[in-house]
Amino acid sequence: MRVFGFIIFFIYAYFEVSFFITVADSIGVFLALIGIIATSIIGLSLIKKQGLRNLSIMQQKIANQQSPKDEIIKSVSLLFAGFLLLIPGFLTDILGAIMLIPRVQEYIVRFIIGKLPSKFYSFYSNSNTQMNDVIEGEFERKGDE
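Residues numbered from 1 in each chain as written. Predicted model: local features only at pLDDT ≥ 70, side-chain atom pairs only at ≥ 80, totals over all residues. Heavy atoms only, no water.

Enquirer: Is there a simple way to explain the overall build of the protein chain in this structure?
Expert: What the protein chain contains, in helices and strands, is six helices and zero strands. Along the protein chain, from the amino end to the carboxyl end, the secondary structure elements read α-α-α-α-α-α. Each of the 145 residues in the protein chain was classed as buried or not, and the buried ones make up 23%. Taking the contacts inside the protein chain whose residues are at least 6 apart along the sequence as the reference set, 58% of them involve residues at least 24 apart. For the protein chain, the exposed surface amounts to about 11,300 Å²; the carbon and sulfur share of it is 68%. (Helix = DSSP H or I, 4+ residues; strand = E, 2+ residues; numbered from the N terminus. Buried < 20%, exposed > 50% of the residue type's maximum accessible area, 1.4 Å probe, protein only. Contact = heavy atoms within 4.5 Å. Areas by Shrake-Rupley, 256 points an atom, 1.4 Å probe, with all protein chains shown as cover.)

Enquirer: Help me out: how do you make sense of the packing of helix 3 (residues 69-86) against helix 4 (residues 90-99) in this one?
Expert: Two packed helices can be described by the angle between their axes and the distance between those axes. Axis separation between helix 3 and helix 4 bottoms out at 7 Å; the angle between their running directions is 155 degrees. Accordingly, the angle class assigned to the pair helix 3 and helix 4 is roughly antiparallel. Between helix 3 and helix 4 lies a crossing whose hand is left-handed. Along its contact with helix 3, which presents Ser77, Phe80, Ala81, Leu84 and Leu85, the element helix 4 presents Thr92, Asp93, Leu95, Gly96, Ala97 and Met99. Taken together, the residues of the contact of helix 3 with helix 4 sort by class into seven nonpolar, three polar and one charged. (Axes fitted to C-alpha atoms, helices over the stretch in contact; angles between N-to-C directions. Parallel < 35°, antiparallel > 145°, perpendicular 65-115°, else oblique. Left-handed = near helix turned anticlockwise from the far one by under 90°. Nonpolar A, V, L, I, M, F, W, Y, C, P; charged D, E, K, R; others polar.)

Enquirer: Looking at this structure, how should I read the side chain of Glu16?
Expert: Here Glu16 shows up in helix 1 (residues 2-27). Of the side chains with opposite charge, Arg2 comes closest to the buried, unpaired Glu16, at an N-O distance of 24 Å. Among the polar contacts listed, one links the side chain of Glu16 to the backbone nitrogen of Leu91, at a separation of 2.9 Å. Residues contacting Glu16, with those up to four places away along its chain left out, are Pro88, Gly89, Phe90, Leu91 and Thr92. (Lys, Arg positive; Asp, Glu negative; His and termini not counted. Salt bridge = Lys/Arg side-chain N within 4 Å of Asp/Glu carboxyl O. Polar contact = N/O pair within 3.5 Å; in protein donor to acceptor, adjacent residues only side chain to side chain.)

Enquirer: Looking at this structure, I do not really get helix 2 (residues 29-63). What am I missing?
Expert: Because each turn of an α-helix spans 3.6 residues, side chains separated by three or four positions end up pointing in the same direction. Between its first and last C-alpha, helix 2 extends 51 Å over 35 residues, near the 51 Å set by a 1.5 Å rise per residue. All of the buried residues in helix 2 are Ala32, Ile36, Ser40, Gly43, Ile47, Asn54 and Met58. Where helix 2 is buried, its residues contact helix 1, helix 3 and helix 4. Count one or two residues on from helix 2 and you reach Gln65, which has phi positive near 60 degrees. (Expected span 1.5 Å × (residues − 1).)

Enquirer: For this particular structure, what's the right way to read the pattern of salt bridges?
Expert: Should their charged atoms come close, side chains of opposite charge can pair. For the structure on display, the rule yields one salt bridge. Across the pair Arg103 and Glu106 runs a salt bridge whose closest N-O atoms are separated by 3.9 Å. Of this pair, Arg103 and Glu106 both sit in helix 5 (residues 102-115), separated by three residues, roughly a single helical turn. On the accessibility criterion, Arg103 (63% relative accessible area) is exposed. Overall, Glu106 belongs to the partly exposed group, its relative accessible area being 31%.

Enquirer: Explanation requested: the confidence of the model for the protein chain in the structure shown.
Expert: Low-confidence regions, as indicated by low pLDDT, have predicted coordinates that should not be scrutinised in detail. Residues with a pLDDT of 70 or more make up 86% of the protein chain, whose mean pLDDT is 79. At the low end of the mean pLDDT range in the protein chain sits helix 6 (residues 118-125), at 52; at the high end sits helix 1, at 91. (pLDDT = per-residue confidence, 0-100.)

Okay, here's the thing in structure tokens:
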């Protein structure tokens, strides 16, 4: 399995370097490097802003006793997009930019929710579920007298 991971990594590196050479040949090496650095900076700032917005939406939903599952999954997809934008290279920047599109995020959320076990989904899909239910009662041990 490790060999397969190395093969995938080297195939990725080959395509990334080939794509960089193609872009650098057409626009110049200096502009290609500036483009990679700029997408990393822009991606980091976008991830920070959208991540904070999703965090505030999650807090509001939790305060209103609603399920924050969509925002949690969107936050994970934003984190993944940010990771892709921070990796140097144009292919990962393109994939990271695609992950920032709201429609793509909605598709990812629907796909992940479809893969979740039904017990997990039915618990979180019920918006009337009270998270702070307290059941009061009394008990006594049968062995202790």
